[in-house]
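Next come the chains, spelled out residue by residue.
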Amino acid sequence: MIAVPPIDDGKVPRLSFASAVKCGRTAFWSKGRSIILVVDGREHEFVFDGGLTEAQALAVLKASGLSLVREEAPGIAVLLTAIACMLVLVVFFLLR
C-alpha cells in the first residue's frame, strides 16, 4: 500500500515572531534550538539566532501568556503512560 500525503494548495504565509505570538495559542520550546508556535492549526518555527535569542523569545511568550510546552514533554508523557500500563499488566499476570 502506498500512502499519498494530502495536497495542501494553500501557501503558508511567513509570519513574524511578534505576529505569531499575537495569533498563537500554544508554543513548543526546544531548549537551545527553536520555538514552534501553533497559529490557526499550523506550526511556525522560529530558530534562535542573532535576531531572536532564546531569552528574548521566552520573555515575550511569558508576557503574552501563551502556554509554553517543552517539545519533548508529550513524548515523555506517552512513555510514562506505556510504562505504567506495562507494570499493571505484569502485576495482573503475576498475581493471577
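Please refer to the structure placed before this passage.
A brief structural summary. (Residues numbered from 1 in each chain as written. Predicted model: local features only at pLDDT ≥ 70, side-chain atom pairs only at ≥ 80, totals over all residues. Heavy atoms only, no water.)

1. Structural notes on the pattern of salt bridges
Where charged atoms of side chains with opposite charge meet at close range, the side chains can pair. For the record, the criterion: Salt bridge criterion: a side-chain nitrogen from Lys or Arg within 4 Å of a carboxyl oxygen from Asp or Glu. Per the convention used, a helix needs a DSSP run of H or I reaching at least four residues, while a strand needs a run of E reaching at least two, with both numbered from the N terminus. Note on classification: 1.4 Å probe, protein chains only; a residue is buried when its accessible area is under 20% of the maximum for its type, exposed when over 50%, partly exposed between these limits.
Within this structure, the stated rule accounts for 2 salt bridges. Across the pair Glu71 and Arg33 runs a salt bridge, and its minimum N-O distance is 3.6 Å. Placement of the pair is Glu71 in the loop between strand E4 (67-70) and helix H3 (73-94) and Arg33 in the loop between strand E1 (26-30) and strand E2 (34-39), with a sequence separation of 38 residues. Among the salt bridges present, the one from Glu72 reaches Arg70, with a minimum N-O distance of 2.8 Å. The class of Glu72 is partly exposed, set by a relative accessible area of 35%.

2. Brief notes about the packing of aromatic side chains
The cut-off we apply is this: Note on aromatic pairs: the rings of Phe, Tyr and Trp (six-membered ring only in Trp) are paired at centre separations within 6.5 Å, and the planes decide the class, stacked below 30 degrees, edge-to-face beyond 60, tilted for the rest.
Applying the stated criterion across every chain, the model contains 2 aromatic pairs. Where Phe17 meets Phe46, the ring centres are 5.3 Å apart and the plane angle is 80 degrees; that geometry is what we call edge-to-face. In this pair, Phe17 is assigned in helix H1 (residues 17-23) and Phe46 in strand E3 (residues 42-47), connecting sequence segments 29 residues apart. Judged by relative accessible area, which is 13%, Phe17 ranks as buried. Ring centres of Phe92 and Phe93 lie 5.3 Å apart, and the angle between their planes is 75 degrees; this geometry places the pair in the edge-to-face category. Overall, the relative accessible area of 48% leaves Phe92 in the partly exposed class. Of the residues examined, Phe93 reaches a relative accessible area of 52% and is grouped as exposed.

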